[in-house]
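Overview (structure and organization)
Residues per chain are reported as follows:
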Amino acid sequence: MAKRKPILPDYGTVQIKGNMYFRTRVSDDEGNRFSLYAATREELYEKVLEVEKQIENKTFRRNSPTVKEYCEKWLLMKSANIRETTMIDYRSKVKNHIIKPLGDMKMGDVTVDDIRLAIIPASKLSASVFKSVNVLYKCIFRSAFESKVIDKDPTIYLSPEGGGIPQKERIPLTDEQAEKLLTAIKGLPPYLFVMLGLYAGLRREEILALKWDSVYLDVESPYLTVRRAWHTENNKPVIMTELKTKAAKRNIPLPPQLLEALKEAKESSISEYVIANKDGQPLSYTQFKRLWTYITTRTAKPRPAKKYVGGEYVKYTLYPVLGEKARNNGHVVYSLDFDVTPHQLRHTYITNLIYASVDPKTVQYLAGHENSKITMDIYAKAKYNRPKDVAPMLEHVFKQWNDTIAQ
């Protein structure tokens, strides 16, 4: 069936330099009127449609919300059906990687080049952060497109592949390293934090939210229970009862070493929190970083430093020597020849459970892993990366094989 032609308006005509043209007038959204001319009614009709589309798009883009306004609206809409812990992560990434570089722009004016420039700082962070920032951009702009807030989605060509710094392989501390670490910080503020990581496998947010009402020291089988999580907003601690996953809620037996450390700490504690600041409150993010410096300052590793010279601070590189005391603090000895991260303590706990032949399902429960694949990946690397553990199994396999061939 042939396409039906539109009924063309009855345009006026005008003569210009002896030639007749069809003419009409159109107005933009600000009331400005201007004329359009064409040799035929069909051509003039096409011109009118094109100009009206341009006016509509211009008005649409000018009236669209700013990136900041729409991001805040999107976060509010998402808050109805996702965990508060996830919202904290979303708010932080949206604020730092979307609103900060693009917040004052109109949603309808943002181009794919604008976004590619805005996410450059995220590409210098971990691959997982870079990927999640890309996902947030796609979710926000797709939502705006589907809601007709913008007329096209500038994120359709974005890809998180190949961006960000790949995560280093998680290597557990050896028994010797764990002993060196505990010896180096015995009696110092991070000691109990490290003990809870090494002997209970708690995540950082679980340790910093742990209260004494969740630590059972005087029962037949002492244990602690994970029921709260620590987060920070604008450097202020936020203690939540909503955990990372359902599996994070668990009871963990206390080994003798940790039991002794907790009993000693509780005797002098003035806070309801196991790890607290001098006012008995949970640590802020800055206070936690300061807590961890007790470890980093005892590591024999080159690092940037600064000293006060001639009325100003001068930057330089410090080259600590293992076994020597710090020049400006005789109480600090460079006794650690390896790096330590908070998560490494937890990874060491999980790996030691595997080395002790604890079954994978129990390891999964004690680690608070919701996905068994996470547990099994760690299990496989830990269990089968040690030749002394694998060799007996292979000997048994090949002995059976040889016996079969001999028959």
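First things first, this report covers the structure right here in the doc. Computed from a prediction, not measured in an experiment: that's the story for all the values here.

Quick notes on the overall build of the protein
Across its full length, the protein carries 15 helices and twelve strands. Of all 407 residues assigned to the protein, the portion counted as buried reaches 37%. Here the contacts in the protein between residues at least 6 apart in sequence split such that 59% fall between residues at least 24 apart. Of the roughly 25500 Å² of accessible surface on the protein, a fraction of 53% belongs to carbon and sulfur atoms.

Details of unusual backbone geometry
Within the chain, lysine 148 stands out as a residue other than glycine whose phi angle is a positive 60°. Tracing the chain through its elements places lysine 148 in the loop between helix H6 (127-146) and helix H7 (175-185).

Considerations on the sheet that holds strand S8 (residues 250-253)
Pairing is antiparallel across the open sheet formed by three strands, whose spatial order is S4-S5-S8. At either end of the open sheet lies a strand with only one pairing partner, and these are strand S4 (215-216) and S8.

What to know about the packing of aromatic side chains
Counting across every chain of the model gives seven aromatic pairs. An angle of 20° between the planes, with centres 4.7 Å apart, marks the rings of tyrosine 216 and tyrosine 223 as stacked. In this structure an aromatic cluster arises from ring pairing among Phe193, Trp230, Phe288 and Trp292. Directly above the ring of tyrosine 313 sits lysine 306, whose terminal nitrogen or CZ lies 5.3 Å from the centroid.

Cut-offs and rules
- Positions within a chain are numbered from 1, following the residues in the order the chain's sequence is written.
- Per-residue local features are limited, in this predicted model, to residues with pLDDT of at least 70; the limit for side-chain atom pairs, both in listing and counting, is 80 or more; totals at the level of whole chains, interfaces and linings are taken over all residues.
- To get the side-chain values, all heavy atoms of the structure are used, and hydrogens and water are removed first.
- Secondary structure elements are defined from DSSP: runs of H or I of at least 4 residues count as helices, runs of E of at least 2 residues count as strands, and each element is numbered from the N terminus.
- Three labels apply to residues, based on accessible area from a 1.4 Å probe with only protein chains included: buried if under 20% of the type maximum, exposed if over 50%, partly exposed otherwise in between.
- In what follows, a contact means two residues having at least one pair of non-hydrogen atoms within 4.5 Å.
- What sets the accessible areas is the Shrake-Rupley method with a 1.4 Å probe; for residues, cover comes only from the shown protein chains.
- A pair of strands is labelled paired if DSSP reports no fewer than 2 bridges between them.
- Aromatic contacts are taken between Phe, Tyr and Trp rings whose centres are within 6.5 Å, Trp giving its six-membered ring; a plane angle under 30 degrees counts as stacked, one over 60 as edge-to-face, and the others as tilted.
- Think of it as a cone above the ring: NZ of Lys or CZ of Arg counts as a charge over the ring if it is within 6 Å of the ring centre and within 35 degrees of the ring normal.

Read these as spatial facts, not as claims about activity.
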